[in-house]
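Listed here are the chains, written in short residue letters.
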Amino acid sequence: MKEVQRERLAVRLKDFILGAQDGIVSSLGLALGVAFATLNSRIVIISGLAGALAEFISMTAVAYTSTEAAEHYYKTEKHRKLKMPKEYKSPFESGLIVGLSNIIGSLVAIVPFFFFGLNEAIKNSVIVSAVVLFLIGVIEAKLTVGNWIKSGLKLTLIGLVAAFAGYLIGRVLGVLV
């Protein structure tokens, strides 16, 4: 692979992981929290889709504006001969990749609630989300210098911690509210 292609891949890998991991982790936590609080798949789907859309818009805008801000910073500091990293050269592309990977990641956690009863959907959502997070970690390690098992387990653990947090909130608030 040419050096230019490798640099571009590295920049976009960061954006892809940011969007996909955030989408899966936040939607999984939300879905489990709502599921255990309401015991209603329909409410999980509605809140999950609303959260996914809001997250898509937010993450797309954040990726765009933060990349643009960094780009502007390097342009104003050119007198110091700071070289702008390639990752800051395309705010639009960064926003697009983060946003699209985020919405796809969000759907990973929500889709099981369309096809299964509540208990099965919860199990399937956790399993599918964990597997996809693990695979994202594997891809990251294969494209970089990391250990694929360690990288996969790291992303999976992050997702399961969020799932557990959502579960706890849903259990507590489902009883108290």
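These numbers were taken from a predicted model, which means no experiment stands behind them. (Residues numbered from 1 in each chain as written. Predicted model: local features only at pLDDT ≥ 70, side-chain atom pairs only at ≥ 80, totals over all residues. Heavy atoms only, no water.)

**Here's the deal with the overall build of the chain**
When helices and strands are tallied, the chain shows six helices and zero strands. With 177 residues in all, the chain has 40% of them scored as buried. Pairs at least 24 residues apart make up 69% of the contacts formed inside the chain by residues separated by at least 6 positions. Split by element, the accessible area of the chain, about 10200 Å² in all, is 70% carbon and sulfur. Positive and negative charge centroids in the chain, built from 18 and 12 side chains respectively, lie 3 Å apart. (Helix = DSSP H or I, 4+ residues; strand = E, 2+ residues; numbered from the N terminus. Buried < 20%, exposed > 50% of the residue type's maximum accessible area, 1.4 Å probe, protein only. Contact = heavy atoms within 4.5 Å. Areas by Shrake-Rupley, 256 points an atom, 1.4 Å probe, with all protein chains shown as cover. Lys, Arg positive; Asp, Glu negative; His and termini not counted. Charge placed at Lys NZ, Arg CZ, Asp CG, Glu CD.)

**Section: the pattern of salt bridges**
Scanning the entire structure with this criterion turns up five salt bridges. A salt bridge links Arg12 to Asp15, with the shortest nitrogen-to-oxygen separation between them at 2.6 Å. Taken together, the residues span about one helical turn, with Arg12 and Asp15 both in helix H1 (residues 3-38) at a distance of three residues. Asp15 shares its class with Arg12; the two are buried. Close ionic contact of Lys14 with Asp15 constitutes a salt bridge, the shortest N to O distance being 3.1 Å. The exposure class of Lys14 is partly exposed, given its relative accessible area of 38%. (Salt bridge = Lys/Arg side-chain N within 4 Å of Asp/Glu carboxyl O.)

**So, the side chain of Ser27**
With respect to the helices, strands and loops of the structure, Ser27 is situated in helix H1. On the accessibility criterion, Ser27 (5% relative accessible area) is buried. A polar side-chain atom of Ser27 sits 3.2 Å from a polar atom in the side chain of Ser106. Not counting residues up to four positions away in its chain, the partners in contact with Ser27 are Asp22, Ser106, Ala109 and Ile110. (Polar contact = N/O pair within 3.5 Å; in protein donor to acceptor, adjacent residues only side chain to side chain.)

**So, a nonpolar patch on the surface**
Taken together, the side chains of Leu49, Leu107, Val111, Phe114, Phe115 and Phe116 make up a nonpolar region of the molecular surface, amounting to roughly 550 Å² of accessible area. Relative to the helices and strands, Phe115 resides in helix H4 (residues 112-115). Since its relative accessible area comes to 63%, Phe115 is described here as exposed. (Patch = residues over 30% accessible without salt bridge, like charges linked within 9 Å, V, L, I, M, F, W, Y side chains within 5 Å.)

**Some details on the packing of helix H2 (residues 41-76) against helix H3 (residues 91-110)**
Contact geometry for H2 and H3: axes closest at 8 Å, N-to-C directions at 155 degrees. When the axes of H2 and H3 are compared, the pair comes out roughly antiparallel. Crossing of H2 over H3 shows right-handed handedness. Each residue belonging to the contact of H2 with H3 can be placed in one class, and the counts come to 14 nonpolar, eight polar and three charged. (Axes fitted to C-alpha atoms, helices over the stretch in contact; angles between N-to-C directions. Parallel < 35°, antiparallel > 145°, perpendicular 65-115°, else oblique. Left-handed = near helix turned anticlockwise from the far one by under 90°. Nonpolar A, V, L, I, M, F, W, Y, C, P; charged D, E, K, R; others polar.)

**Details of the confidence of the model for the chain**
Taken as a whole, the chain shows an average pLDDT of 89; of its residues, 95% reach a score of 70 or greater. When mean pLDDT is compared element by element in the chain, H4 scores highest at 97, while H1 scores lowest at 88. (pLDDT = per-residue confidence, 0-100.)

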